[in-house]
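# Chain and residue survey
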Amino acid sequence: MADIEPLLNPNEAPPLIDFPCDFPIKVMGETQSIFPETIIRLINTILPAFNATKIETRVSSSGKYTSLTCTVYVESQAQLDDIYRLLSSHPLVKFAL
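From a predicted model like this one, the values you see are computed outputs, not experimental measurements.

## Quick look at the side chain of H90
Here H90 lies in the loop between α2 (77–89) and β4 (93–96). A distance of 3.1 Å separates a polar side-chain atom of H90 from the backbone nitrogen of L92. Leave out the neighbours within four places in its chain, and H90 touches T38 and L42.

## Some points on the pairing of strand β2 (residues 55–59)
In the case of a regular strand, side chains alternate between the two sheet surfaces. Here β2 pairs with strand β3 (residues 65–74) via 5 bridges, running antiparallel. Within the sheet, the bridge partner assigned to T57 lies in β3 and is L68. The hairpin turn running from β2 into β3, its antiparallel successor, is 5 residues long, and G63 in that turn takes a positive phi close to 85 degrees.

## Observations regarding the side chain of T69
With respect to the helices, strands and loops of the structure, T69 is situated in strand β3. Overall, T69 belongs to the buried group, its relative accessible area being 18%. Setting aside its immediate chain neighbours within four residues, T69 contacts P24, I25, K26, K54, I55 and E56.

## What to know about the nonpolar core
Ranked by internal contacts, the top residues of the largest apolar core, which has 22 residues, are I39, I43, V72 and L87. Elements that contribute at least two residues to this core include exactly β1 (21–30), α1 (35–46), β3, α2 and β4. In terms of residue count, the dominant contributor to this core is α1 (5 residues). Among all residues touching L87, those that are not within four sequence positions of it are I25, V27, I39, L42, I43, V93 and A96.

## Things to note about the layout of surface pockets
In this model, the largest pocket occupies a volume close to 160 Å³. Residue lining of the largest pocket: D22, L47, P48, A49, F50, N51, K54, T71, V72, Y73, E75 and Q79, and that is the complete set. Sort the elements by how many residues they give to the lining of the largest pocket and β3 lands first, with 3 residues.

## Here's the deal with unusual backbone geometry
Of the consecutive residues F19 and P20, the connecting peptide bond is found in the cis state with omega at -5 degrees. Among the secondary structure elements, P20 is positioned in the segment before β1.

## A word on the pattern of salt bridges
Oppositely charged side chains may form a pair once their charged atoms are brought near each other. Considering all chains together, one arrives at 2 salt bridges under this definition. Close ionic contact of E30 with K94 constitutes a salt bridge, the shortest N to O distance being 3.5 Å. In this pair, E30 is assigned in strand β1 and K94 in strand β4, connecting sequence segments 64 residues apart. Judged by its relative accessible area of 33%, E30 falls in the partly exposed class. Here R85 ties to D82 by a salt bridge, and the two come within 2.6 Å at their closest N and O atoms. Taken together, the residues R85 and D82, both in helix α2 and 3 residues apart, mark about one turn of the helix. When its relative accessible area of 35% is taken as the criterion, D82 is described as partly exposed.

What counts as what
Residues numbered from 1 in each chain as written. Predicted model: local features only at pLDDT ≥ 70, side-chain atom pairs only at ≥ 80, totals over all residues. Heavy atoms only, no water. Helix = DSSP H or I, 4+ residues; strand = E, 2+ residues; numbered from the N terminus. Polar contact = N/O pair within 3.5 Å; in protein donor to acceptor, adjacent residues only side chain to side chain. Contact = heavy atoms within 4.5 Å. Pairing = 2+ DSSP bridges. Buried < 20%, exposed > 50% of the residue type's maximum accessible area, 1.4 Å probe, protein only. Core = buried A, V, L, I, M, F, W, Y, C linked by side-chain atoms within 4.5 Å. 1 Å grid on protein atoms, 1.4 Å probe; cavity = no way out; pocket = protein on both sides within 12 Å on 5 of 7 lines; lining within 4 Å. Points joined across faces, edges and corners; volume = space filled by probe spheres on them. Salt bridge = Lys/Arg side-chain N within 4 Å of Asp/Glu carboxyl O.

The following block contains the structure:
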């Protein structure tokens, strides 16, 4: 009977992401020249090794909004949550997914 695995806590879901990993974050805001560099600077506060080569940029058809897909290398859910909180709280960011 010692070989029986303990049951998972029913209130505790298994993790959806295997860490560490590369994780894409989409950040949208109004098109401004400082938007990309601001997002890079924000991410660098948590991930100093992050660089601009890990960003894909798209501008809306009207040119009003810019979308950045930033692929970050994260080591934990807590680190990913910190990045989302930081980005979402910045006034230039409309939303981060």
